[in-house]
Amino acid sequence: MPERSGPGFRRRVGPPSRRARVLLLTLGVLAVLFLLFVMFSGFWTDWLWFKSVHYSSVFTTQLWTKIGLFAVFGLFMAVIVGFNLWLAHRLRPPLSAMSVEQQSLDRYRSGLAPFKRWALIGISLVIGLVAGAAASGQWRTWLLWTNGTSFGVKDAQFGMDVSFYAFELPFYEFVLGFAFSAVIVSLLASVLVHYLYGGLRLQGPGRRASAGAQGHLAVLLGVFVLLKAAAYWLDRYALAVKTGSYKGVGGWTGLRYVDANAFLPAKTILFFVAIICAVLFFLTPIRRTWAPALIGLGLMVLSAVLIGGVYPAIVQQFQVKPNEQAKETPYIQKNIDATRQAYGIADSQVTTYNPANATNADALKPDAQTITDIRLLDPNVVGPTFQQNEALRKYYAFPKSLDVDRYGAQDTVLGVRELDLNGIQRNWINDHFNYTHGYGVIAAKGNQVDSNGNPVYTESALPTKGAFGPYQQRVYYGEKTTTYSIVGGGYQDIDYTAEDGTPVHSTYDGGSGVSLSNPLTRAAYAVKFAEPQILYSSAIKDGAKVIYDRTPKERVEKVAPWLSIDADPYPVVQAGPNGQPGKVVWVLDGYTTSDGYPFSSKTTLGDVTKDSLTNQRGELLTAANQVNYIRNSVKATVDAYTGEVTLYQWDENDPVLKTWMKAFPDTVKAKAEIPDTLMPHLRYPQDMFKVQRDLLAEYHMTDAGGFFNGTDIWQVPADPTTNTNEVQPPYYLTVRMPDAKAASFSLTTSFTPSGRDNLAAFMSVSADPGPDYGKIRIAKMETDSRALGAKQVQAKFNSDPLVANQLTLLKTGTDSDIEYGNLLTLPVGGGLLNVEPVYLIGRSAKVPVLKKVLATYGNENAVVAVEDNLEKALAKVLGGAVTGAPATPTAPGTNTPTTPVTPTTPTTPTAPGTPVSPDLQKAIADVVKAHNDSDAAAKSGDWVAYGQAQKALGEAIKAMEAAQQKGGATPAPSGTPTGAPSAAPSTAPTGTPAPAPTGTPTASP
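Residues numbered from 1 in each chain as written. Predicted model: local features only at pLDDT ≥ 70, side-chain atom pairs only at ≥ 80, totals over all residues. Heavy atoms only, no water.

Trainee: How do you make sense of the overall build of the protein chain when you look at a structure like this?
Mentor: Scanning the protein chain from N- to C-terminus turns up 27 helices and 35 strands. The burial tally for the protein chain puts 53% of its 1005 residues in the buried class. Of the roughly 44,200 Å² that the protein chain leaves accessible, carbon and sulfur atoms contribute 57%. (Helix = DSSP H or I, 4+ residues; strand = E, 2+ residues; numbered from the N terminus. Buried < 20%, exposed > 50% of the residue type's maximum accessible area, 1.4 Å probe, protein only. Areas by Shrake-Rupley, 256 points an atom, 1.4 Å probe, with all protein chains shown as cover.)

If you want it as structure tokens, here you go:
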């Protein structure tokens, strides 16, 4: 029969066919199953990852703690709310007064009647689920409370151990807040039920509330007021960690005079008032009247306004302001002492320093190593140079900011040659199977460049060769490795491409990763990475594993979620035991923090750790975490080949770390287990130093009176070498502080007075893991020292006509730009030396090459040097007193010459038997003596004497030349070493040292 259609035809609408219903049901079931599998895959892959890195206890501890909190607090909330809903329904009046309001509500009561039980259960469960989910997020609070360790330090107001504020008070506040939520939700739900069933009425004659509703709600209000009493009592202790602003300190923490003498007694009084008010509410069901309870509530509110608000304002206005310094001084002192203790700056040592404007060889002698180790290679500038010279393949890359470490006596700038997938033909096999890792670590001397201004490499080539010896060069875990790879199972990935274009392959056998042998696991990872090929690709063989979460920072953060991780991991080539090949490990510093140290001012880590290099490095310590206690308590390592994560206890006295070690047992190894081959490479962390220097800008003032007046506030200067207006980063340097006996590898910074540009202080912390590790020294400038701050030094360089002319000539005829390297300030020779390398960067190649060195010594009237190398610059600004400056090799890639500069044999022929004049004999003897003195000084490491001997050698050579011109043979004198000094004139300026001999200390980063 033909299908009917037309303008008047209407197709019959009815229920869907059986086939359609089955199809819809099937699709619905599949959708639900898929959603469940997505949820399961996230849980399952997390468990497999933690198991693969051998930290499954961290996963299970977090999991069971969250489940426990979810169950207990969720059930508590559900039971409390459900009980009150049931009770409100149970206390409903038997008959509701007939009114328009009740007739309207009767329809809802009738509609709800068949589902009352299910509604009660459903509402209670939903509220319980929400409350449980919120409570599970407090797992850190719970673990700190249950595992709290005593600080052994009592607060200055209540005499409570600091652990009470750090571990206990936060949990009590959480429980109290949760109880408030339960009472408020129960109160609102009960009011709704009482109204629905006539217990509360808005219209009609008679009582507005039934006896049952009145009693029920009165008890709930009484519990609420009782909780408020508990809150008033806890608020007393919370005053010790209360944060506000005072005298320009935005994170000021602790009690002030008005807190101790007005707010504290007010909280105590309000506690008792609230107790009385709660009792009146509990008596309401018996007295059958709201009047006493409401009067009590009104008195409590009035007391809160008068005692808790007006009275403190009166005390502040009429007692504190007329004599503020005398009133506040004791509380300022408590804040100073607590803050210095909580941030580890209590033992910082401040000495007065009056820098001289000139120096001499004797004054420079103690600082010979500091001068020798002046860093020329700026690790934050020369990254592109490493990329250009040593990437060698387009699929390798170095970070923009390189790292600094020490190898023997040589301070070294180094970078890891990591994989850069942008340099390959992108497809799934290449991205995740063929190109899976970087290769090798490149290192260069920090204090030297070659004659072309390029780094002097100590480890280079592909595979790398040099000072490190044999080590595992494959880098599967690194800062730039952000994608997953599938390795092993016999599949050979590419190490690198040989010079003839042949790929060099290897099979990963590092042992890390999650096995993909199980089809369920493959399906889970297919969902996790949104890549269905993982499920069916034939490239995945038996034994294949997936490795992911490969950056060192995220690996440590996952296995130690209670740590804050320093933003700058650095690589170490760690020597192997007993002559075995070494390995590359990433070293990370972990911090334990708290915001519950009484009287210690709070700081925002994300703000104080930001500097001019933050955008280049790309990460902050913690973006917005406010803390008032911090310790560098853990040193962590990540093996670049195996991905193994190891946590070492570094601060053995930190109670916060001890607490977390109780919560996560067997996850942190003892300090004694740190390998001897790793220990020399550990250093004081930058982010910790940045936090401390920010605090010391004000808290170097230990006297409360001086702190109150704020007359000596410092600030970290803005980096004058950039246009970011961010503060200078700290620098790793080998430096001798004026009050120290010897130079040490240190982290340094400078301060300027608030609102001014001159130098206020120079700060360093010993960064080597030895007896002085963490020792903070501050050289505070005399008020009238006129020492130059960073901005003034840069302005002096920029305004000097000779500097401007030299830099202009440098750029003339080249398609290049000038970039300034790190501006280093060094206390040497009783004064202040400022050194800054200048790089020439091609606008197309973007490869920095060091071309000039700027230097100045003294105040604004001091001479400025702009020279091709450091030794010439130092010779000019130090007036010939410089000793031990590093030499510049004569050819690209060559190392420092191993012998002092010695002249060659005379070039003027002499007839046999020509008599030797007395002047010539004396000159030759002087040359030999100076040469021998140079050798002796070099062997003993006395670079002051070495510089003086080299100067004497140059003068003796000139005298010998003059004597030769007058006539007389030049016999080979007795005792002249091989390669005897010649009469050839020295081209170095007077006082300029020759290249350093073997063993000369080298520059620190």
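Trainee: Whenever I open this one, the environment of Gly 408 confuses me. Can you help?
Mentor: Checked against the element boundaries, Gly 408 lands in the loop between β5 (403-407) and β6 (410-416). Residue classification places Gly 408 among the exposed positions, given a relative accessible area of 77%.

Trainee: Mind showing me how you'd approach a nonpolar patch on the surface here?
Mentor: A surface patch of nonpolar side chains, about 1,000 Å² in accessible area, is lined by Leu 23, Leu 24, Leu 25, Leu 27, Val 29, Leu 30, Val 32, Leu 33, Leu 36 and Met 39. Mapped onto the fold, Val 32 is located in helix α1 (residues 18-52). (Patch = residues over 30% accessible without salt bridge, like charges linked within 9 Å, V, L, I, M, F, W, Y side chains within 5 Å. Salt bridge = Lys/Arg side-chain N within 4 Å of Asp/Glu carboxyl O.)

Trainee: What is the right way to look at unusual backbone geometry in this model?
Mentor: The general pattern is negative phi for most residues beyond glycine and trans for most peptide bonds. For the bond running from Leu 462 to Pro 463, omega is -5°, close enough to zero to count as cis. One can find Pro 463 in the loop between β10 (455-460) and β11 (465-466). The phi torsion at Arg 288 lies on the positive side, around 60°, for a residue other than glycine. On the secondary structure map, Arg 288 appears in the loop between α8 (257-287) and α9 (291-320). Unusually for a residue other than glycine, Ala 461 sits at a positive phi of about 80°.

Trainee: Would you mind going over the sheet that holds strand β14 (residues 485-488) with me for this structure?
Mentor: Backbone-to-backbone hydrogen bonds pair the strands of a sheet. The strands run either parallel or antiparallel. Here we have 3 strands laid out as an open sheet, ordered β14-β18-β17, and antiparallel in their pairing. Only two strands of the sheet have a single partner each, and these edge strands are β14 and β17 (514-515). Summarising the sheet, β17 and strand β18 (residues 544-547) pair through 2 bridges and their orientation is antiparallel. Bridge pairing links Val 514 to Val 546 in β18. (Pairing = 2+ DSSP bridges.)

Trainee: Is there a simple way to explain the packing of helix α10 (residues 324-342) against helix α21 (residues 686-699) in this structure?
Mentor: The axes of two packed helices give the description: the angle between them and the distance between them. Interhelical geometry of α10 versus α21 gives an angle of 155° and a closest axis separation of 11 Å. Relative to α21, the element α10 is oriented roughly antiparallel. In this structure, α10 meets α21 at a crossing whose hand is left-handed. Counted together, Asn 335, Ile 336, Thr 339 and Arg 340 of α10 and Leu 695, Leu 696 and Tyr 699 of α21 form the full contact between these two elements. (Axes fitted to C-alpha atoms, helices over the stretch in contact; angles between N-to-C directions. Parallel < 35°, antiparallel > 145°, perpendicular 65-115°, else oblique. Left-handed = near helix turned anticlockwise from the far one by under 90°. Contact = heavy atoms within 4.5 Å.)

Trainee: Looking at this structure, I do not really get α8. What am I missing?
Mentor: Owing to its 3.6 residues per turn, the α-helix aligns residues three or four sequence positions apart on the same side. The first and last C-alpha atoms of α8 sit 44 Å apart over 31 residues, in line with the 45 Å expected at 1.5 Å per residue. Its maximal kink placed at Phe 263, α8 deviates by approximately 30°, while the proline Pro 265 follows within four residues. (Expected span 1.5 Å × (residues − 1). Bend = angle between axes of the 7 residues up to and from the residue.)

Trainee: Quick question: what am I supposed to make of the packing of aromatic side chains here?
Mentor: A ring pair, where both rings are aromatic, is described by two values, the distance of the centres and the angle of the planes. Counted by the stated rule, this structure contains 53 aromatic pairs. With 5.0 Å between their ring centres and 65° between their planes, Trp 428 and Phe 433 make a pair best called edge-to-face. Lying over the aromatic face of Tyr 477, Arg 550 brings its terminal NZ or CZ to 6.0 Å of the ring centre. (Phe/Tyr/Trp six-rings, centres within 6.5 Å; stacked < 30°, edge-to-face > 60°. Lys NZ or Arg CZ within 6 Å of the ring centre and 35° of its normal.)

Trainee: Looking at this structure, how should I read the packing of helix α5 (residues 139-147) against helix α6 (residues 162-196)?
Mentor: Packing of α5 against α6 brings their axes to within 8 Å, and their N-to-C directions diverge by 130°. Of the possible angle classes, the one that applies to α5 and α6 is oblique. When the axes of α5 and α6 are compared, the crossing they make is left-handed. Of the residues in α6, those touching α5 at Thr 141, Trp 142, Leu 144 and Trp 145 are Phe 167, Glu 168, Pro 170, Phe 171 and Tyr 172. For the contact of α5 with α6, the class distribution of residues is 7 nonpolar, 1 polar and 1 charged. (Nonpolar A, V, L, I, M, F, W, Y, C, P; charged D, E, K, R; others polar.)

Trainee: Looking at this structure, I do not really get the pattern of salt bridges. What am I missing?
Mentor: Opposite charge on two side chains allows them to pair when their charged atoms are near. Taken as a whole and assessed by the stated rule, the structure comprises 23 salt bridges. Salt-bridge contacts for Asp 712 lead to Lys 780; the nearest nitrogen and oxygen are separated by 2.9 Å. A residue pair is termed long-range when its members are at least 10 positions apart, and Asp 712 in the loop between α22 (704-709) and β26 (714-715) and Lys 780 in strand β30 (residues 776-781) qualify at 68 residues. Judged by relative accessible area, Asp 712 falls into the partly exposed class, the value being 22%. Its relative accessible area of 27% is what places Lys 780 among the partly exposed residues.

Purely spatial values, then, with no claim about function.
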